[in-house]
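In case you want the letters, here they are:
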Amino acid sequence: MLISIDHRTEYRYDPPAQGLALRLRLFAGSTAQQSVRDWSVTVNGKAVSPLLTSGFGEREALWFERGTVEKIEVIARGTVETVDHAGVLGRDARLRPGVYIRETPLTEADETVAALAVAVRDEAAGKGALAMAHAINEAVHGALDYRTGATDASTTAAEAAAIGAGVCQDFAHLFISAARHLDLPARYVVGYLHDPDAPEMASHAWAEAHVEGLGWVGFDPVNEVCPAEHHVRLCSGFDASDAAPMRGTMLAGSEEEMDVTVAVAAAQQQSQSSDGQSQSQ
């Protein structure tokens, strides 16, 4: 499938910010499941090129403005060809999988998460790591209802489990928390989803688990599937905070407003989300 993406983020500062630096992880890369046809990132209309490749194997750029900044617009745009590879990305020699066992504040397991993980372990006993990962995906899908506004960016996996609802970030965090509790390496993935029936998920997140013999395998617990031709992978990290596509630092404090619009299109069909609101085009 050929998928086009237009990801726009606008920041406004009042009063104007004095000096600003952005770390950008907005460069989609080619994997076993996707091939990047074309991709560009601009800030205020000027092209930004990758500066380095991180330990995750993903390209990053830095953007600086030493003067006064009232508004910036960041646009990531491109075309990606995807194939259904059953979620399998394969092996990655850059970081040892065991690195992804360590907990973070957003993914630390409490008694509820531990109980979910143990139930999954018992269900998948003797069936191997892949079956256990699929069982986690199914369990998380059943444990949470997809509901916007139920959580926020600071909500932990344990808190989402207690609420019983959340958005894609919470589903991914709960998957990761349960997997790590079972000593299964797992990481957080930011990307895009082409689904005309769910335009609010054009900007999406899921998880990947490392399975011996296969390498990294993606799991989307919101939809209870492995990412396939409708998913486009952007970047990854230990949790949502670590995998943030954009981070900013300013020299002098200022109030910040942000608007985000993500449009994902294929075969003349387009879905768009803007500031958490959705519409079909």
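Residues numbered from 1 in each chain as written. Predicted model: local features only at pLDDT ≥ 70, side-chain atom pairs only at ≥ 80, totals over all residues. Heavy atoms only, no water.

**Q** Can you explain the overall build of the protein? Please cite residues and give values.
**A** When its secondary structure is counted, the protein shows four helices and 16 strands. The principal-axis extents of the C-alpha atoms in the protein amount to approximately 60 × 40 × 40 Å. Residues counted as buried form 49% of the 281 residues belonging to the protein. Pairs at least 24 apart in sequence give 73% of the contacts found in the protein among residues at least 6 apart. (Helix = DSSP H or I, 4+ residues; strand = E, 2+ residues; numbered from the N terminus. Buried < 20%, exposed > 50% of the residue type's maximum accessible area, 1.4 Å probe, protein only. Contact = heavy atoms within 4.5 Å.)

**Q** Report on helix α4 (residues 168–181), specifying residues and quantitative values.
**A** A rise of 1.5 Å per residue sets the reference length of α4, with its 14 residues, at 20 Å; its end C-alpha atoms lie 20 Å apart and thus fit the reference within 8%. Here α4 lies mainly inside the structure; 13 of its 14 residues are buried. Phi turns positive, to about 60°, at Asp-183, one or two residues after α4. (Expected span 1.5 Å × (residues − 1).)

**Q** Any chance you could break down the nonpolar core for me, citing the residues and the numbers?
**A** Judged by nonpolar contacts, the single largest core of 70 residues is most densely connected at Leu-24, Trp-39, Val-41 and Ile-136. Setting aside its immediate chain neighbours within four residues, Leu-24 contacts Val-41, Val-43, Val-48, Arg-59, Glu-60, Ala-61, Val-74, Pro-245 and Met-246. (Core = buried A, V, L, I, M, F, W, Y, C linked by side-chain atoms within 4.5 Å.)

**Q** So what's going on with the packing of aromatic side chains? Which residues, and what values?
**A** With the rule as written, the count across this model stands at seven aromatic pairs. With 6.0 Å between their ring centres and 70° between their planes, Phe-56 and Phe-238 make a pair best called edge-to-face. Here Phe-56, found in the loop between β4 (52–53) and β5 (59–82), pairs with Phe-238, found in the loop between β12 (231–237) and β13 (246–252); they are 182 residues apart in sequence, far enough to count as distant. Of the residues examined, Phe-238 reaches a relative accessible area of 10% and is grouped as buried. Pairing Tyr-100 with Phe-238 gives two aromatic rings, centres 5.2 Å apart and planes at 35°, and the pair type is tilted. With Tyr-100 in the loop between β6 (88–90) and α1 (111–123) and Phe-238 in the loop between β12 and β13, this pair connects stretches of sequence that are 138 residues apart. In terms of burial, Tyr-100 and Phe-238 fall into one category: buried. Counting every residue linked through ring pairs, the aromatic cluster contains Phe-56, Tyr-100, Trp-216 and Phe-238. The ring of Phe-238 has Arg-102 sitting right over it, with the charged end atom 4.2 Å from the ring centre. Above the ring of Tyr-100, the side-chain terminus of Arg-187 is found at 5.6 Å from the ring centroid. (Phe/Tyr/Trp six-rings, centres within 6.5 Å; stacked < 30°, edge-to-face > 60°. Lys NZ or Arg CZ within 6 Å of the ring centre and 35° of its normal.)

**Q** Give me a nonpolar patch on the surface: which residues, what numbers.
**A** Residues Leu-51, Leu-52, Leu-62 and Phe-64 make up a contiguous nonpolar surface patch of roughly 400 Å² in combined accessible area. Mapped onto the fold, Leu-51 is located in the loop between β3 (46–47) and β4. A residue is classified by how much of its surface remains accessible, and Leu-51, at 59% relative accessible area, is exposed. (Patch = residues over 30% accessible without salt bridge, like charges linked within 9 Å, V, L, I, M, F, W, Y side chains within 5 Å. Areas by Shrake-Rupley, 256 points an atom, 1.4 Å probe, with all protein chains shown as cover. Salt bridge = Lys/Arg side-chain N within 4 Å of Asp/Glu carboxyl O.)

**Q** I'd like to hear about the sheet that holds strand β11 (residues 215–219), residue by residue, with values.
**A** Spatial strand order, β6-β11-β10-β9-β12: five strands in an open sheet with antiparallel pairing. Two strands lie at the open edges of the sheet, namely β6 and β12, each paired on one side alone. Pairs of neighbouring strands in the sheet enclose a mean axial angle of 35°, with direction left out of account. Here two bridges tie β6 to β11, and the two strands are oriented antiparallel to one another. Looking across to β11, one finds that Gly-90 is bridged to Trp-216. In the packing of helix α2 (residues 129–143) onto the sheet, the strands contacted are β10 (203–211) and β11, and the crossing angle to β11 comes to about 20°. Each of β9 (186–193), β10 and β11 touches α4; the most contacted strand, β9, lies at about 155° to it. (Pairing = 2+ DSSP bridges. Axes fitted to C-alpha atoms, helices over the stretch in contact; angles between N-to-C directions.)

**Q** If you had to explain the confidence of the model for the protein to someone new, which residues and values would you point to?
**A** On average, the protein scores 91 in pLDDT, and the residues at 70 or more come to 93%. The low-confidence segment residues 267–271 (pLDDT under 50) makes 15 contacts with residues lying over four places distant or belonging to another chain. With pLDDT under 50 throughout, residues 274–281 is counted as low confidence; its partners more than four residues away or in other chains account for 15 contacts. (pLDDT = per-residue confidence, 0-100.)

**Q** Quick rundown of empty space enclosed by the protein? Include the residues and the values.
**A** Taken as a whole and judged by the stated rule, the model has two cavities of 30 Å³ or more. There is about 70 Å³ of room inside the largest cavity. Considering the residues around the largest cavity, the lining is formed by Thr-31, Gln-33, Gln-34, Leu-89, Trp-206, Glu-208, Pro-227, Ala-228, His-231, Val-232 and Arg-233. Residue assignment for the lining of the largest cavity shows that the elements contributing at least two residues are β10 and β12. A per-element tally of the lining of the largest cavity places β12 first, with three residues. Class assignment for the residues of the lining of the largest cavity results in five nonpolar, four polar and two charged. In this model, the second largest cavity occupies a volume close to 40 Å³. Lining the second largest cavity are Gly-55, Phe-56, Asp-92, Leu-95, Tyr-100, Arg-187 and Trp-216. Here the lining of the second largest cavity is composed, by residue class, of four nonpolar, one polar and two charged. (1 Å grid on protein atoms, 1.4 Å probe; cavity = no way out; pocket = protein on both sides within 12 Å on 5 of 7 lines; lining within 4 Å. Points joined across faces, edges and corners; volume = space filled by probe spheres on them. Nonpolar A, V, L, I, M, F, W, Y, C, P; charged D, E, K, R; others polar.)

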